[in-house]
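This is what each chain is made of:
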Amino acid sequence: FMWVRVLHLLSVSESLGPLVIVIRRIGRQTFTFAAIWTVLLLAFSSAFQGCGLDLVSASNTSEAQNRMSRWESWWLLRTYFQSFGEPFFDELVTDSSISIAILMWPVMNLMLVNLLIAIMNDTYAEVKVQSKLEWMVEMFHIAKEYRSSSRFNA
């Protein structure tokens, strides 16, 4: 990927180097955030499963929703879609499932988005404080890389 190589070379720039470092660190921390999001998604999916959401009667739903609710993994996909705002209120047949859906929206949307923003802001502030040092370290690594002989011609 040529653009990865261009980003690597831009880290030599004194003004763009710290931003490239921020992008790299935020990319790593996004995987940590995705793990937290997945754990919460599985927790809410299990809570919905425990509320008896498989007891949906065929008379209340359309044919397409009946097909979807017969999928083996629909309990997880439904919670995935609900975490992004699709309520599926016609499938929430118990009061506890409606309560979980109402609780899930602020947790999955507001709290986790604010957590992601805080993680990214913290990373940016950390690199910004040490930007000169970070830039010098990156410059050293690139100079060391170009001084060593490569096994490849490219």
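Here the structure is a predicted model, which means the values were calculated and not measured.

On to the confidence of the model for the chain, then. This prediction gives the chain a mean pLDDT of 82; 84% of its residues lie at or above 70. Here residues 55-59 is a poorly scored stretch, pLDDT under 50, and it has three contacts once near neighbours within four places are set aside; other chains count.

This next bit is on the nonpolar core. It is characteristic of soluble globular proteins that their nonpolar side chains tend to be buried jointly. Core analysis: the biggest nonpolar cluster contains 13 residues, and W37, F44, F48, I100, M104, M108 and L112 have the highest contact counts within it. Elements represented by at least two residues in this core include exactly α2 (17-50) and α5 (95-129). Residue contributions to this core peak at six residues, all from α5.

The next point concerns unusual backbone geometry. Positive phi is not limited to glycine here, since F88 has a value of about 50 degrees. Tracing the backbone shows F88 in the loop between α4 (74-83) and α5. Taking relative accessible area as the criterion, F88 reaches 10% and is therefore assigned buried.

The next subject is the packing of aromatic side chains. In total, this model carries five aromatic pairs according to the counting rule given. The interplanar angle of 85 degrees and the centroid separation of 5.7 Å between the aromatic rings of W37 and Y80 together place this pair among those described as edge-to-face. Of this pair, W37 sits in helix α2 while Y80 sits in helix α4, and the two are 43 residues apart along the sequence. Residue classification places Y80 among the partly exposed residues on the basis of a relative accessible area of 33%. Summarising the aromatic geometry, the rings of F81 and F88 are spaced 6.5 Å apart at their centres and angled 45 degrees between planes, so their arrangement reads as tilted. Taking the relative accessible area as the measure of exposure, F81 reaches 36% and is therefore partly exposed. An aromatic cluster of at least three residues, connected via ring pairs, comprises W37, Y80, F81, F84 and F88.

All right, on to the pattern of salt bridges then. Applying the stated rule across the entire model yields six salt bridges. For K132, the salt bridge identified is with E14, shortest N-O distance 2.7 Å. Of this pair, K132 sits in helix α6 (residues 131-147) while E14 sits in the loop between α1 (2-10) and α2, placing them 118 residues apart in sequence. We classify K132 as partly exposed; its relative accessible area is 44%. When salt bridges that share partners are traced, they join R25, E126 and E134 into one network.

Here is what the cut-offs are and how they apply
Residues numbered from 1 in each chain as written. Predicted model: local features only at pLDDT ≥ 70, side-chain atom pairs only at ≥ 80, totals over all residues. Heavy atoms only, no water. pLDDT = per-residue confidence, 0-100. Contact = heavy atoms within 4.5 Å. Core = buried A, V, L, I, M, F, W, Y, C linked by side-chain atoms within 4.5 Å. Buried < 20%, exposed > 50% of the residue type's maximum accessible area, 1.4 Å probe, protein only. Helix = DSSP H or I, 4+ residues; strand = E, 2+ residues; numbered from the N terminus. Phe/Tyr/Trp six-rings, centres within 6.5 Å; stacked < 30°, edge-to-face > 60°. Salt bridge = Lys/Arg side-chain N within 4 Å of Asp/Glu carboxyl O.

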